[in-house]
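In case you want the letters, here they are:
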Amino acid sequence: MLGLSPLALISLFVQGAGTMMQMRSQQQALQVQQMQTRLQERQYKAEADAAILEAQEKENVRRREYFENLSANRALMAQSGIALDSPSYRAFLQGNYSTYKKDASVISLSGREKQLASIYNIQQTKLTGKADKIQATTNRITTLGKGLMRAYSTIEEGE
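### Overview of the overall build of the protein
Thinking step 1. Secondary structure summary: the protein contains two helices and zero strands in total.
Thinking step 2. In terms of C-alpha radius of gyration, the protein reaches 34 Å, well past the compact-globule figure of 15 Å for 159 residues.
Thinking step 3. Out of the 159 residues belonging to the protein, those deemed buried represent 25%.
Thinking step 4. Within the protein, contacts between residues at least 6 apart in sequence are counted, and of these 84% link residues at least 24 apart.
Thinking step 5. Counting every atom, the protein has about 11,400 Å² of accessible surface; 60% of that belongs to carbon and sulfur.
Thinking step 6. Placing the 20 positive and 15 negative side-chain charges of the protein at their respective mean positions leaves the two points 4 Å apart.

### What to know about the pattern of salt bridges
Thinking step 1. Tallied over the entire structure, the rule returns five salt bridges.
Thinking step 2. Measuring nitrogen to oxygen at the nearest pair gives 3.3 Å for the salt bridge that ties Lys-58 to Glu-54. Here Lys-58 and its partner Glu-54 are both found in helix α1 (residues 6-80), four residues apart, which amounts to about one turn of the helix.
Thinking step 3. Assessed through its relative accessible area of 41%, Lys-58 is described here as partly exposed.
Thinking step 4. According to the relative accessible area criterion, Glu-54 is partly exposed, its value standing at 36%.
Thinking step 5. Each of Glu-54, Lys-58 and Lys-114 takes part in salt bridges that share partners, so that together they form one network.

### Observations concerning the environment of Phe-92
Thinking step 1. Its location among the elements puts Phe-92 in helix α2 (residues 87-158).
Thinking step 2. Residues Phe-92 and Asn-73, spaced 19 residues apart in sequence, show a C-alpha to C-alpha distance of 9.6 Å.
Thinking step 3. Once residues within four sequence positions are removed from consideration, Phe-92 is found in contact with Asn-73 and Met-77.

### So, a nonpolar patch on the surface
Thinking step 1. Taken together, the side chains of Ile-10, Phe-13 and Val-14 define a hydrophobic patch exposed on the protein surface, amounting to about 340 Å² of accessible area.
Thinking step 2. For Val-14, the position within the fold is in helix α1.
Thinking step 3. The exposed category is assigned to Val-14, whose relative accessible area is 52%.

### Some words on the packing of aromatic side chains
Thinking step 1. On inspection of all chains with the given rule, the structure shows five aromatic pairs.
Thinking step 2. Summarising the aromatic geometry, the rings of Tyr-97 and Tyr-100 are spaced 6.1 Å apart at their centres and angled 50 degrees between planes, so their arrangement reads as tilted. Highlighted residues: Tyr-97 and Tyr-100, both in helix α2, separated by three residues, approximately one helical turn.
Thinking step 3. Given the relative accessible area of 35%, Tyr-97 is considered partly exposed.
Thinking step 4. Judged by relative accessible area, Tyr-100 falls into the buried class, the value being 7%.
Thinking step 5. Through pairs of rings, three or more aromatic residues link up here, namely Tyr-66, Phe-67, Tyr-97 and Tyr-100.

### Focus: the environment of Gln-28
Thinking step 1. One can find Gln-28 in helix α1.
Thinking step 2. The partly exposed category is assigned to Gln-28, whose relative accessible area is 44%.
Thinking step 3. Gln-28 sits 77 residues away from Ser-105 along the chain, and the two C-alpha atoms are 48 Å apart.

### So, the environment of Glu-156
Thinking step 1. For Glu-156, the location among the structural elements is in helix α2.
Thinking step 2. For Glu-156 and Lys-130, which are 26 residues apart along the polypeptide, the C-alpha to C-alpha distance reads 39 Å.

### Points about α1
Thinking step 1. The end-to-end C-alpha distance of α1 is 109 Å, a good match for the 111 Å that 75 residues give at a rise of 1.5 Å each.
Thinking step 2. Once α1 finishes, Gly-81 follows within two positions and takes phi at roughly 85 degrees, a positive value.

Cut-off values and rules
- Residues numbered from 1 in each chain as written.
- Predicted model: local features only at pLDDT ≥ 70, side-chain atom pairs only at ≥ 80, totals over all residues.
- Heavy atoms only, no water.
- Helix = DSSP H or I, 4+ residues; strand = E, 2+ residues; numbered from the N terminus.
- Rg over C-alpha atoms; globule rule 2.2 N^0.38 Å.
- Buried < 20%, exposed > 50% of the residue type's maximum accessible area, 1.4 Å probe, protein only.
- Contact = heavy atoms within 4.5 Å.
- Areas by Shrake-Rupley, 256 points an atom, 1.4 Å probe, with all protein chains shown as cover.
- Lys, Arg positive; Asp, Glu negative; His and termini not counted.
- Charge placed at Lys NZ, Arg CZ, Asp CG, Glu CD.
- Salt bridge = Lys/Arg side-chain N within 4 Å of Asp/Glu carboxyl O.
- Patch = residues over 30% accessible without salt bridge, like charges linked within 9 Å, V, L, I, M, F, W, Y side chains within 5 Å.
- Phe/Tyr/Trp six-rings, centres within 6.5 Å; stacked < 30°, edge-to-face > 60°.
- Expected span 1.5 Å × (residues − 1).

Given below as structure tokens:
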């Protein structure tokens with residue numbers, strides 16, 4: 001073979017096994033990181049969906065309140081003898097409607113803002129996952145290179 005002593009051969013074998021174990025450990029660590037990344041992505045997706053559903057529910061509640069108030073106001077106006085087609089009553093109704101529309105718009109925008117924040121977090125998580133993968137590949141190459149350098153050094157010493 002290379003004329004290496006049995007001790008040098010054993011040392012080479014142990015170094016090679018150690019290098020392989022280290023590379024396997026790095027691969028397993030990457031797999032765990034990737035699973036965590038996917039889980040985090042799913043959590044952010046759920047947050048985005050929940051934000052939209054929450055906003056829709058708030059909009060529905062606000063709409064119900066508006067129509068309940070509209071009915072109550074009409075009943076009060078009718079009882080007080082004010083004509084429902086009078087300019088002051090129409091201005092009052094228009095003011096209520098404008099307030100309702102502004103509230104609904106704010107609720108919708110707030111929900112969209114929360115959804116966009118979650119989508120941004122999903123994108124950041126994906127980028128982090130890609131960076132982790134690149135870093136793991138670099139670490140495996142570095143580990144292999146160091147292992148080969150140690151093996152070369154052992155061969156040099158053994159000859």
